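# Chain and residue survey
The lines below spell out each chain.
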Amino acid sequence: MGIQPPNEPRGHGMAQAGETPAESRAPLVHGNVRKANASLILAGLSLASMTITAPLAIFAMLATYPSNGPSETPWLVPLAFFSLPLLFSLPSLALSIPIVYGQPHSPPGRGRAAVALCIGGLVVALAVGPALDQLGKL
């Protein structure tokens, strides 16, 4: 009939007998919350990692900028500063974009994903700005 025996695996996304549609979406909802939490943690780590890379960027600036003219490698300082934050920020964006834009209804965790999207987008925009500026000088 329409009811599966208890020892057989249940189908994903299909409501079973005696189950409401909201209960059938429960794994999807919990997955969205986990992804939103992971995205927010990665976005926070991207901001925190700037404190680690700032001294490295200062050292790179002191080592590459001569006192008698422009540097031959002006791209090195933004690369040193944004290398680690981008490693955290890009996966954060990849996790938060589907949650914010993919669901027509408002899933739980959408607010956290939106905050992570703002933080990660800001870090990426700050990294792309100096990179594009240096490309214009080539």
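Since this is a predicted model, take the numbers as computed values, not measurements. Residue positions are given per chain, counted from 1 along the sequence in the order it is written. Only residues with pLDDT of at least 70 get local features here, since the model is predicted, and only at 80 or more are side-chain atom pairs given and counted; chain-wide, interface and lining totals rely on the full set of residues. The basis for every side-chain value is the complete set of heavy atoms in the structure, and neither hydrogens nor water enter the calculation.

## As for the side chain of Ser92
Mapped onto the elements of the fold, Ser92 is located in helix α3 (residues 76-102). Note on classification: 1.4 Å probe, protein chains only; a residue is buried when its accessible area is under 20% of the maximum for its type, exposed when over 50%, partly exposed between these limits. Looking at Ser92, the relative accessible area reads 0%, which means it is buried. Other than its neighbours up to four places away in sequence, Ser92 contacts Ser39, Leu42, Ala43 and Ala116. Only DSSP runs of H or I covering at least 4 residues are called helices, and only runs of E covering at least 2 are called strands; the numbering of each starts at the N terminus. Contacts are residue-level and defined by heavy atoms, with any inter-residue pair within 4.5 Å sufficient.

## Details of helix α4 (residues 110-136)
Each helix should span, by expectation, one fewer than its residue count multiplied by 1.5 Å. A rise of 1.5 Å per residue sets the reference length of α4, with its 27 residues, at 39 Å; its end C-alpha atoms lie 38 Å apart and thus fit the reference within 8%. Every buried residue of α4 is accounted for by Ala113, Ala116, Leu117, Gly120, Val123, Val124, Ala127 and Gln134.

## As for a nonpolar patch on the surface
A cluster of nonpolar side chains, contributed by Ile58, Met61, Leu62 and Tyr65, occupies part of the molecular surface with about 410 Å² of accessible area. Relative to the assigned elements, Leu62 resides in helix α2 (residues 26-64). Patch membership is restricted to residues that have no salt bridge and whose relative accessible area is over 30%. Joining uses 9 Å for like charges and 5 Å for the nonpolar side chains Val, Leu, Ile, Met, Phe, Trp and Tyr. Only the protein chains shown count as cover for residues, and all accessible areas are computed by the Shrake-Rupley method using a 1.4 Å probe. Any carboxyl oxygen of Asp or Glu within 4 Å of a side-chain nitrogen of Lys or Arg constitutes a salt bridge here.

## Re the nonpolar core
The biggest cluster of nonpolar side chains holds 7 residues, and these are Ala36, Leu93, Ile99, Val100, Ala113, Leu117 and Val124. Looking at this core, the elements that each hand over two or more residues are α3 and α4. For Leu117, the contacting residues outside a window of four places in its chain are Leu93, Ser96, Ile97, Val100 and Tyr101. Note on terminology: a nonpolar core comprises buried Ala, Val, Leu, Ile, Met, Phe, Trp, Tyr and Cys residues joined through side-chain atoms within 4.5 Å.

## Things to note about the environment of Pro108
Tracing the backbone through its elements, the reader meets Pro108 in the loop between α3 and α4. Spatially, the C-alpha atoms of Pro108 and Gly31 are 9.9 Å apart, while their sequence positions differ by 77 residues.

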